[in-house]
Amino acid sequence: MKKKVLSGMRPTGRLHLGHYFGALKNWVELQDEYECYYMSADWHALTTDYADTSKINDNTFEMAADWITAGIEPEKSVIFKQSEVPQHSELFLILSMLTPLGWLYRCPTYKEQLTEIKNKDLHNIGFLGYPVLQAADILLYMADIVPVGEDQLAHLEMTREITRRFNNFYGNVLTEPQAKLTKSARVPGTDARKMSKSYGNSVFLGEDDDGIKKKVQEMYTDPLKIKKNDAGHPDGCVVFAFHKIFNKDFEARERECKAGSIGCVACKKQIMEMLSVFMKPLAEKRAAVIRDKAYLERVIKEGTERAREAASSTMTKVKKALKF
Ligand code: TRP
């Protein structure tokens, strides 16, 4: 029997290169070796966007299209929607009974977002319980491995603690999962901050040449390199971070930049070309997938049915363990 993988993303719309290199590429690589479940975490989207739910559903479609564009194959992996598998809420409820509040209040993502997100009131049960719902997502599928970006490690650790607590009370029922971090280099946003849709600094999957040109022109470079022959500092330069990913001769570029033998304009032009070559097939695939809404609907419906089966089998075991 193949080992299992589960991962998810909140449906926030179009995916960018941060998603691709931070997680999605990893998801694609796991498909042959593992039984993979990939979930649109639309209930998780609700924890912060409860006041405006108008985009959540469309975003799930857009995100699923991007997953397929990136190489997730519905014939291999289960693509599904969390809110269509009611067992997530059932297990969440049970786990919430045994998760100490202290764990949740201490969670770094909780503390950080409470201070960062100023335009919504996040003092609600759902937001505090976010990691518990995430634990339910993972445990329902008895996932051995959870491929995630670094920002999710604290949630994974909490899932492991909740699993141990559950198994300690009710017997060895749930599988303790392991996080799997992506190896690839971090892609910064065009302004050198973390790439994030809400920062307006993203290069999207399947971006066209005009978009690529605009984004590369915007990229933050070494402020001390003013003239083309000034010696540059590639560390911290966004264009160089992209070279590290897309240019196999990035080490030569690093030397040239430091020696002042290449200017930022030429360096940017080259990365534009490399991005264009990388994006072209993705853009074509994305357009074809988006066009066929019926296909996407079918993929999600069939995936959700398979997810329900797995989830229901786990809930039977969980209820038995609780003597219900
Ligand atoms: N919290 C994850 C994120 O924001 C999304 C997510 C929800 C998830 N449930 C999951 C990731 C289960 C991994 C496993 O990216």
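Residues numbered from 1 in each chain as written. Predicted model: local features only at pLDDT ≥ 70, side-chain atom pairs only at ≥ 80, totals over all residues. Heavy atoms only, no water.

Engineer: Can you walk me through the overall build of the protein in this structure?
Structural biologist: Scanning the protein from terminus to terminus reveals 14 helices and five strands. Here the protein has a C-alpha radius of gyration of 22 Å; the compact-globule value for 324 residues is 20 Å, and the two agree. When each of the 324 residues of the protein is scored for burial, the buried share is 49%. Once local pairs closer than 6 in sequence are excluded, the contacts in the protein between residues at least 24 apart make up 79%. Accessible surface, the protein: about 16400 Å² in total, of which carbon and sulfur atoms supply 53%. Across the protein, the centroid of the 48 positively charged side chains sits 2 Å from that of the 44 negatively charged ones. (Helix = DSSP H or I, 4+ residues; strand = E, 2+ residues; numbered from the N terminus. Rg over C-alpha atoms; globule rule 2.2 N^0.38 Å. Buried < 20%, exposed > 50% of the residue type's maximum accessible area, 1.4 Å probe, protein only. Contact = heavy atoms within 4.5 Å. Areas by Shrake-Rupley, 256 points an atom, 1.4 Å probe, with all protein chains shown as cover. Lys, Arg positive; Asp, Glu negative; His and termini not counted. Charge placed at Lys NZ, Arg CZ, Asp CG, Glu CD.)

Engineer: Any chance you could explain the environment of N124 here in plain terms?
Structural biologist: Inspection of the secondary structure puts N124 in the loop between helix 6 (108-116) and helix 7 (125-128). Taking the C-alpha atoms as reference points, N124 and D210, separated by 86 residues in sequence, lie 42 Å from one another. Beyond its immediate stretch of four places on either side in the chain, N124 contacts T47 and Y50. At 2.7 Å, the side chain of N124 and the backbone nitrogen of F127 are in polar contact. (Polar contact = N/O pair within 3.5 Å; in protein donor to acceptor, adjacent residues only side chain to side chain.)

Engineer: Could you clarify how one ought to interpret the pattern of salt bridges in this entry?
Structural biologist: A side chain with one charge may pair with a side chain of the opposite charge, provided their charged atoms come close. Applying the stated criterion across every chain yields a total of 19 salt bridges. The salt bridge partner of R253 is E256, with a shortest N-O separation of 2.8 Å. Taken together, the residues span about one helical turn, with R253 and E256 both in helix 12 (residues 250-259) at a distance of three residues. When its relative accessible area of 8% is taken as the criterion, R253 is described as buried. Looking at E256, the relative accessible area reads 29%, which means it is partly exposed. (Salt bridge = Lys/Arg side-chain N within 4 Å of Asp/Glu carboxyl O.)

Engineer: Sorry if this is basic, but what is going on with helix 1 (residues 17-30) here?
Structural biologist: The α-helix advances 3.6 residues per turn, and as a result positions three or four apart in sequence lie on the same side. Between its terminal C-alpha atoms helix 1 stretches 19 Å, which fits the 20 Å expected from 14 residues at 1.5 Å a residue. Considered for burial, the residues of helix 1 that qualify are L17, Y20, F21, A23, L24, N26, W27 and L30. (Expected span 1.5 Å × (residues − 1).)

Engineer: How should I be thinking about the packing of helix 1 against helix 3 (residues 56-70) in this particular structure?
Structural biologist: When two helices pack together, their arrangement is given by the angle between the helix axes and by the axis-to-axis distance. At a minimum axis separation of 9 Å, helix 1 and helix 3 run at an interaxial angle of 65°. In terms of axis orientation, helix 1 runs roughly perpendicular to helix 3. Crossing of helix 1 over helix 3 shows right-handed handedness. Together, Y20, L24, W27 and V28 of helix 1 and D66, W67 and A70 of helix 3 make up the contact between the two elements. For the contact of helix 1 with helix 3, the residue count by class is six nonpolar, no polar and one charged. (Axes fitted to C-alpha atoms, helices over the stretch in contact; angles between N-to-C directions. Parallel < 35°, antiparallel > 145°, perpendicular 65-115°, else oblique. Left-handed = near helix turned anticlockwise from the far one by under 90°. Nonpolar A, V, L, I, M, F, W, Y, C, P; charged D, E, K, R; others polar.)

Engineer: Looking at this structure, how should I read the packing of aromatic side chains?
Structural biologist: Aromatic ring pairs: the centre-centre distance and the angle between the two ring planes describe each pair. Under the definition given, this model contains 15 aromatic pairs. On the basis of an interplanar angle of 65° and a centroid distance of 5.8 Å, the ring pair of Y20 and F278 is categorised as edge-to-face. Here F278 lies in helix 13 (residues 264-291) and Y20 lies in helix 1, a separation of 258 residues in the sequence. Put simply, the rings of Y20, F21, F242, F246 and F278 pair up and form one aromatic cluster. (Phe/Tyr/Trp six-rings, centres within 6.5 Å; stacked < 30°, edge-to-face > 60°.)

Engineer: Got a minute to help me understand the site of the ligand in this structure?
Structural biologist: Lining the immediate environment of the ligand, one finds 14 residues, of which R10, Y130, Q134, D137 and Q152 sit closest. Between D137 and the ligand, the recorded distance is 2.7 Å, taken from a side-chain N or O atom to a nitrogen atom. Q152 is positioned with one of its side-chain polar atoms (N or O) 3.0 Å from a nitrogen atom of the ligand. Computed on the free molecule, the ligand has an accessible area of 370 Å², of which 92% lies beneath the protein chains in the complex. Looking at the shell around the ligand, the elements with two or more residues in it are strand 1 (4-9), helix 8 (130-140) and strand 4 (145-148). For the shell around the ligand, the residue count by class is seven nonpolar, five polar and two charged. (Near = heavy atom within 4 Å.)

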